[in-house]
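# Coordinates in review
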Amino acid sequence: MTDVLFPSLSKDSPQAVGVLATWFVPEGATVSADQLIAEVQVDKVAAEVVAPVAGVVHLLVDEEASVVQGAPIARID
Amino acid sequence: MTITDTPVAPTPASNRRLTTSKAMVEAIAQEMERNPSVVYLGEDVGAYGGIFSSTAGLVDRFGPDRVIDTPISETAFIGLGIGAAVEGMRPVVELMFADFMGVCLDQIYNHMAKIHFESGGHVTVPMVLTMAVGGGYSDGAQHSQCLWGTFAHLPGMKVVVPSNPADAKGLMTAAIRDDGPVVYMFHKGVMGLPWMAKNARSIADVPEGEHVVPIGQASVAREGRDVTVVTVSLSVHHALDVAEKVTADGIDVEVIDLRSLVPLDSDAILTSVAKTGRLVVVDEDYRSFGLSGEVVATVTDHDPTMLKVPVQRVAVPDVPIPYAHVLEYAVLPRHERIEAAVRRAVAI
């Protein structure tokens, strides 16, 4: 089981809150390592999130939800 | 062949969706991998990745010799692309906004589009000219136009206008492989950019590997029997939204996504209008002397009696696009105007 974390986009404010802009995979999808699964955004900076490992992905936050940097956004079993 | 009653297993939810911009980048990257003569050049296409993410990540993969940031002279770098194409390369050149065509139209119209004709067919220009089009986000009269009617009017160039991620990939692949100049117009509102208005139809399944959408083929975005909506680009999304809404009143709308303006798939238009007898054309370009009139003439030149009722045109009235949000939405072909046109077409 591997947590996927919201990436740290703002180095100045580690507690910055971003947005889960887009999920590219549905709940329960089987993903491969390095597959694009999400796009996140802090202010106007966007970043891609890829699966760190292969497995079945479980989405922990909704699209458009506000998320603190570093918080888990998905789990891969 | 055996026919059984065994139900087909439901298609599993796709595990691979992309935004339109990522699909476009994937096509460019695959063609750059496949053919070393493919290069990309334009303003802010390198480290910045294109202001509408049309080239995100490409410079990291292919380096600054193949993904080239140019100075701000559209005449110079489009001319550079034409020269490279004439010498056998396959450049993709980005004009940041279609609105900027005015500063470089001599290169586009008198050189890119005409060299093949004027050389008696001996010299080809296998070049793609990409550009962002469209409004809806308060960028003013000089950054919000579609202008595809202008490009389609000038002979010598193919013109493609994808509305969704899969077509963005397939049409880019086809455009790069085409041996003549292709104008590739991407609407900012279909790119799936996180900082633009959210658009659910800008993120969708995209075939992996090689994917080609032939230039000149429209698609039936939605089948229906009561009225045909012929449109392109972001307006396809709006038309589909309207089509879903009016089903509640028993109106069955067919939506034709032209995908290419040149060549125009007149068969697709005629086939649909022959079925429905009612035509609405939705065009985010200016109303007069443009795509909407061309689509209507395609029908009436063939057989005006196909039309049971007068045609409805929903386009930008002949005014510069306003900056003020409310005024801009008033001139753009958005849901309310499309729905009203559909209802008028079926009410008669």
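Further up the page is the structure itself.
Residues numbered from 1 in each chain as written. Chains lettered and ligands numbered in written order. Predicted model: local features only at pLDDT ≥ 70, side-chain atom pairs only at ≥ 80, totals over all residues.

### Some points on the overall build of chain A
Here is the rule we go by: Numbered from the N terminus, helices here are DSSP runs of H or I no shorter than four residues, and strands are runs of E no shorter than two. Between the two quantities, the radius of gyration covers C-alpha atoms and the globule rule is 2.2 Å times the number of residues to the power 0.38. Burial is judged by counting other C-beta atoms within 10 Å of a residue's own C-beta: 20 or more means buried, 12 or fewer means exposed, and anything between counts as partly exposed, with every C-beta placed from the backbone.
The secondary structure content of chain A amounts to zero helices and eight strands. When the helices and strands of chain A are read in sequence order from the N terminus, they spell out β-β-β-β-β-β-β-β. Taken over the C-alpha trace, chain A has a radius of gyration of 12 Å; the compact-globule value for 77 residues is 11 Å, and the two agree within 12%. Seen through its C-alpha atoms, chain A measures out along the principal axes to roughly 35 × 20 × 15 Å. By residue count, 25% of the 77 residues in chain A fall in the buried class.

### Remarks on the overall build of chain B
Looking only at helices and strands, chain B has 12 helices and 14 strands in total. Here chain B has a C-alpha radius of gyration of 20 Å; the compact-globule value for 348 residues is 20 Å, and the two agree. Dimensions of chain B along its principal axes, counting C-alpha atoms only, are 55 × 55 × 45 Å. A buried classification covers 51% of the 348 residues belonging to chain B.

### Here we look at the sheet that holds strand β3 (residues 67-69) of chain B
Residues and elements named next belong to chain B. Heads up, the rule is: Paired strands, in this sense, are two strands between which DSSP finds at least two bridges. Every axis in this analysis is a line fitted to C-alpha atoms, fitted for helices over the stretch in contact. Angles between the N-to-C directions lie between 0 and 180 degrees. Placing C-beta atoms from the backbone, we regard two residues as in contact once those atoms come within 7 Å.
Overall, mixed pairing links the seven strands, which are arranged β3-β2-β4-β5-β7-β6-β12 in an open sheet. Strands with a single pairing partner mark the edges of an open sheet, and in this sheet they are β3 and β12 (260-262). The mean inter-strand angle of the sheet, taken between neighbouring strand axes irrespective of direction, is 20°. This element, helix α3 (residues 74-86), spans β2 (38-42), β4 (90-97) and β5 (128-133) of the sheet and lies at about 160° to β4.

### Examining the nonpolar core
All names here are of chain B. We apply this condition: Buried Ala, Val, Leu, Ile, Met, Phe, Trp, Tyr and Cys residues whose C-beta atoms connect them within 7 Å together make up a nonpolar core. In this document the domain limits rely on a domain assignment from an automatic tool or a database.
Formed by 121 residues in total, the largest nonpolar core has its most connected members in Leu129, Trp148, Tyr184 and Val342. Mapping this core onto the domain boundaries places at least three of its residues in each of domain 1 (17-205) and domain 2 (219-347). Among residues more than four places away in sequence, those in contact with Val342 are Val227, Val229, Val242, Val246, Ile251, Val253 and Val280.

### A closer look at the interface of chain A and chain B
Selection rule: Throughout, the ten residues Ala, Val, Leu, Ile, Met, Phe, Trp, Tyr, Cys and Pro are labelled nonpolar, Asp, Glu, Lys and Arg are labelled charged, and all others, Gly among them, are labelled polar.
With 12 residues of chain A at the contact, the number on the chain B side is eight residues. By residue class, the composition of the side of chain A that touches chain B is seven nonpolar, three polar and two charged.

### Details of helix α9 (residues 266-276) of chain B
All names here are of chain B. How we decide: Note that the arc is defined by the directions from the helix axis to the C-beta atoms.
Buried within α9 are the following residues: Ala268, Ile269, Ser272, Val273 and Thr276. Taken down its axis, α9 places every buried residue within 120° of arc, on the same side. Packing partners of the buried residues in α9 comprise β10 (227-231), β11 (253-257), β13 (279-286) and α10 (291-302). Phi turns positive one or two residues past the end of α9, at Gly277, with a value near 70°.

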